[in-house]
Amino acid sequence: MGVSLEAGRTVLVVRETAERRLTMHIQKATAAELPKAMQCYEEIIDKTPDIEHLAMWRKGQHPTEETILSYINKGEFYILWDHETIAGMMALANGISETYRTVNWITKATDTEAAELHVLGVSPDYQGKGIARQLIHEALCLCKENGKKVLRLDVIGTNTVAKKLYPSQGFVFCDTGHLSIRGYEDMEFLFYEQRLSK
(Lines give C-alpha, C1' and ligand atoms only; values in the text may rest on other atoms or scores of the structure.)
Protein backbone atom coordinates (compact mmCIF):
# COMPACT_ATOMS: atom_id res chain seq x y z
CA MET A 1 0.00 0.00 0.00
CA GLY A 2 1.46 3.34 -1.00
CA VAL A 3 0.67 6.69 0.51
CA SER A 4 1.20 9.81 -1.56
CA LEU A 5 0.18 13.43 -1.26
CA GLU A 6 -1.42 15.71 -3.83
CA ALA A 7 -2.72 19.27 -4.09
CA GLY A 8 -0.77 20.85 -1.28
CA ARG A 9 -1.26 17.98 1.14
CA THR A 10 -5.02 18.30 1.27
CA VAL A 11 -5.84 15.29 -0.90
CA LEU A 12 -4.41 11.94 0.09
CA VAL A 13 -4.14 8.82 -2.00
CA VAL A 14 -4.26 6.09 0.57
CA ARG A 15 -4.89 3.09 -1.59
CA GLU A 16 -4.98 2.54 -5.29
CA THR A 17 -6.32 -0.50 -7.07
CA ALA A 18 -7.27 -1.25 -10.65
CA GLU A 19 -10.92 -0.68 -9.75
CA ARG A 20 -10.78 2.38 -7.57
CA ARG A 21 -8.48 5.15 -6.51
CA LEU A 22 -9.30 6.08 -2.90
CA THR A 23 -8.71 9.77 -2.27
CA MET A 24 -9.32 11.64 0.93
CA HIS A 25 -8.98 15.16 2.23
CA ILE A 26 -8.30 16.52 5.69
CA GLN A 27 -9.81 19.70 7.03
CA LYS A 28 -10.62 21.52 10.24
CA ALA A 29 -14.00 20.45 11.60
CA THR A 30 -16.92 22.79 12.13
CA ALA A 31 -19.49 22.71 14.94
CA ALA A 32 -22.03 21.40 12.41
CA GLU A 33 -19.86 18.30 11.99
CA LEU A 34 -19.77 17.50 15.72
CA PRO A 35 -22.64 14.95 15.56
CA LYS A 36 -20.87 13.00 12.80
CA ALA A 37 -17.60 13.07 14.73
CA MET A 38 -19.28 11.80 17.92
CA GLN A 39 -21.09 9.10 15.96
CA CYS A 40 -17.74 7.98 14.57
CA TYR A 41 -16.21 7.85 18.07
CA GLU A 42 -19.18 5.75 19.23
CA GLU A 43 -18.64 3.35 16.31
CA ILE A 44 -14.96 3.10 17.23
CA ILE A 45 -15.92 2.26 20.82
CA ASP A 46 -18.58 -0.26 19.70
CA LYS A 47 -16.67 -2.01 16.92
CA THR A 48 -12.94 -1.85 17.62
CA PRO A 49 -11.72 -5.11 19.18
CA ASP A 50 -10.33 -4.61 22.70
CA ILE A 51 -10.97 -0.85 22.68
CA GLU A 52 -11.84 -1.03 26.39
CA HIS A 53 -8.39 -2.48 27.07
CA LEU A 54 -6.45 -0.47 24.49
CA ALA A 55 -7.60 3.15 24.51
CA MET A 56 -9.97 2.84 27.49
CA TRP A 57 -12.50 4.99 25.61
CA ARG A 58 -16.01 4.85 27.03
CA LYS A 59 -19.24 6.40 25.76
CA GLY A 60 -20.10 9.57 27.63
CA GLN A 61 -16.80 9.50 29.50
CA HIS A 62 -13.99 9.91 26.97
CA PRO A 63 -13.91 11.38 24.44
CA THR A 64 -16.85 13.62 25.35
CA GLU A 65 -18.91 15.90 23.13
CA GLU A 66 -17.83 18.83 25.30
CA THR A 67 -14.14 18.05 24.76
CA ILE A 68 -14.46 17.66 20.99
CA LEU A 69 -16.55 20.82 20.68
CA SER A 70 -13.90 22.71 22.62
CA TYR A 71 -11.24 21.55 20.15
CA ILE A 72 -13.50 22.49 17.23
CA ASN A 73 -14.17 25.96 18.62
CA LYS A 74 -10.43 26.57 18.96
CA GLY A 75 -9.77 25.35 15.39
CA GLU A 76 -7.85 22.34 16.69
CA PHE A 77 -9.96 19.39 15.49
CA TYR A 78 -9.37 17.76 12.11
CA ILE A 79 -11.40 15.22 10.16
CA LEU A 80 -10.06 13.01 7.39
CA TRP A 81 -12.91 12.64 4.89
CA ASP A 82 -13.46 9.97 2.24
CA HIS A 83 -16.07 11.90 0.29
CA GLU A 84 -18.93 12.22 2.85
CA THR A 85 -17.59 9.55 5.22
CA ILE A 86 -15.24 10.11 8.15
CA ALA A 87 -12.15 7.91 7.88
CA GLY A 88 -10.32 9.35 10.89
CA MET A 89 -10.12 12.26 13.31
CA MET A 90 -7.66 13.96 15.63
CA ALA A 91 -7.18 17.00 17.82
CA LEU A 92 -4.01 19.02 17.34
CA ALA A 93 -3.90 21.36 20.33
CA ASN A 94 -1.68 24.43 20.43
CA GLY A 95 0.44 25.13 23.49
CA ILE A 96 1.13 23.12 26.61
CA SER A 97 -1.82 21.90 28.68
CA GLU A 98 -1.69 22.08 32.47
CA THR A 99 -1.46 18.30 32.80
CA TYR A 100 1.61 18.25 30.53
CA ARG A 101 3.55 20.88 32.49
CA THR A 102 4.84 18.39 35.07
CA VAL A 103 6.07 15.82 32.52
CA ASN A 104 9.84 15.43 32.11
CA TRP A 105 10.01 16.27 28.41
CA ILE A 106 13.29 15.91 26.53
CA THR A 107 12.74 18.98 24.35
CA LYS A 108 12.44 22.30 26.13
CA ALA A 109 9.68 24.37 24.50
CA THR A 110 7.49 27.39 25.20
CA ASP A 111 3.71 27.41 24.77
CA THR A 112 4.04 28.78 21.25
CA GLU A 113 6.62 26.12 20.29
CA ALA A 114 4.65 23.04 21.38
CA ALA A 115 1.57 21.19 20.14
CA GLU A 116 -0.26 18.15 21.49
CA LEU A 117 -1.92 15.29 19.60
CA HIS A 118 -5.10 13.94 21.23
CA VAL A 119 -8.10 11.65 20.58
CA LEU A 120 -6.74 10.25 17.31
CA GLY A 121 -9.32 7.76 16.08
CA VAL A 122 -9.86 5.72 12.94
CA SER A 123 -13.31 4.59 11.80
CA PRO A 124 -13.70 0.79 12.05
CA ASP A 125 -14.26 0.57 8.28
CA TYR A 126 -10.86 2.19 7.66
CA GLN A 127 -8.76 0.45 10.30
CA GLY A 128 -5.74 -1.49 9.08
CA LYS A 129 -5.27 0.76 6.03
CA GLY A 130 -2.59 3.13 7.29
CA ILE A 131 -4.99 5.91 8.26
CA ALA A 132 -3.54 6.39 11.76
CA ARG A 133 -0.03 6.76 10.30
CA GLN A 134 -1.37 9.24 7.75
CA LEU A 135 -3.07 11.31 10.45
CA ILE A 136 0.20 11.38 12.40
CA HIS A 137 2.02 12.50 9.25
CA GLU A 138 -0.54 15.25 8.71
CA ALA A 139 -0.19 16.39 12.33
CA LEU A 140 3.58 16.64 11.95
CA CYS A 141 3.24 18.59 8.68
CA LEU A 142 0.76 21.02 10.24
CA CYS A 143 3.09 21.55 13.20
CA LYS A 144 6.03 22.30 10.92
CA GLU A 145 3.94 24.70 8.84
CA ASN A 146 2.98 26.56 12.02
CA GLY A 147 6.54 26.81 13.33
CA LYS A 148 6.19 24.31 16.15
CA LYS A 149 9.32 22.88 17.72
CA VAL A 150 7.81 19.70 19.16
CA LEU A 151 4.69 17.51 18.97
CA ARG A 152 3.70 15.68 22.15
CA LEU A 153 1.15 13.03 23.09
CA ASP A 154 0.17 10.54 25.74
CA VAL A 155 -0.76 6.87 25.56
CA ILE A 156 -2.56 4.95 28.28
CA GLY A 157 -0.29 2.22 29.63
CA THR A 158 -2.55 -0.64 28.48
CA ASN A 159 -2.56 0.49 24.83
CA THR A 160 -0.03 -1.92 23.33
CA VAL A 161 -0.95 -0.91 19.77
CA ALA A 162 -0.25 2.80 20.31
CA LYS A 163 2.96 2.01 22.24
CA LYS A 164 4.25 0.38 19.04
CA LEU A 165 2.72 2.84 16.57
CA TYR A 166 4.11 6.12 17.85
CA PRO A 167 7.77 5.04 18.23
CA SER A 168 7.54 3.57 14.71
CA GLN A 169 6.60 7.07 13.51
CA GLY A 170 9.58 8.77 15.15
CA PHE A 171 8.20 9.57 18.61
CA VAL A 172 10.50 9.18 21.61
CA PHE A 173 9.39 8.03 25.06
CA CYS A 174 9.88 10.74 27.71
CA ASP A 175 8.11 9.90 30.96
CA THR A 176 5.23 8.14 32.74
CA GLY A 177 2.58 9.73 34.93
CA HIS A 178 -1.10 10.35 35.55
CA LEU A 179 -3.64 12.67 33.91
CA SER A 180 -6.61 14.45 35.45
CA ILE A 181 -9.19 12.89 33.11
CA ARG A 182 -12.39 11.93 34.92
CA GLY A 183 -12.39 8.18 35.49
CA TYR A 184 -8.74 7.74 34.50
CA GLU A 185 -6.95 9.42 37.43
CA ASP A 186 -5.39 6.18 38.71
CA MET A 187 -4.19 4.95 35.34
CA GLU A 188 -0.62 5.20 34.15
CA PHE A 189 0.10 7.11 30.95
CA LEU A 190 3.22 7.15 28.82
CA PHE A 191 4.36 10.44 27.30
CA TYR A 192 6.02 10.73 23.89
CA GLU A 193 7.32 13.57 21.79
CA GLN A 194 8.81 14.21 18.40
CA ARG A 195 11.14 17.13 17.87
CA LEU A 196 10.48 18.84 14.55
CA SER A 197 13.28 19.97 12.28
CA LYS A 198 12.94 23.50 10.96
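About the criteria used
Residues numbered from 1 in each chain as written. Predicted model: local features only at pLDDT ≥ 70, side-chain atom pairs only at ≥ 80, totals over all residues. Heavy atoms only, no water. Helix = DSSP H or I, 4+ residues; strand = E, 2+ residues; numbered from the N terminus. Buried < 20%, exposed > 50% of the residue type's maximum accessible area, 1.4 Å probe, protein only. Contact = heavy atoms within 4.5 Å. Areas by Shrake-Rupley, 256 points an atom, 1.4 Å probe, with all protein chains shown as cover. Polar contact = N/O pair within 3.5 Å; in protein donor to acceptor, adjacent residues only side chain to side chain.

A. Representation of the overall build of the protein chain. Assigned secondary structure in the protein chain consists of five helices and nine strands. Written out in order from the N terminus, the α and β elements of the protein chain read β-β-β-α-α-α-β-β-β-α-β-α-β-β. Taking all 198 residues of the protein chain together, 50% fall into the buried category. Within the protein chain, counting contacts between residues at least 6 apart in sequence, those at least 24 apart form 66% of the total. About 10,000 Å² of surface is accessible on the protein chain, with carbon and sulfur atoms providing 50% of the total.

B. The environment of glutamate 193, seen in detail. Looking at where glutamate 193 falls in the secondary structure, it is placed in strand E9 (residues 189-195). C-alpha of glutamate 193 to C-alpha of aspartate 175: the two residues are 18 residues apart in sequence and 9.9 Å apart in space. Non-local contacts of glutamate 193, meaning those with residues more than four positions away in its chain, are made with Trp105, Ile106, Thr107, Val150, Leu151, Arg152, Gly170, Phe171, Val172 and Cys174. Polar contacts involving the side chain of glutamate 193 include one to the side chain of arginine 152, which spans 3.3 Å.

C. Representation of the environment of methionine 24 in the model. Mapped onto the fold, methionine 24 is located in strand E3 (residues 21-28). For the pair methionine 24 and glutamate 84, spaced 60 residues apart in the sequence, the C-alpha separation amounts to 9.8 Å.

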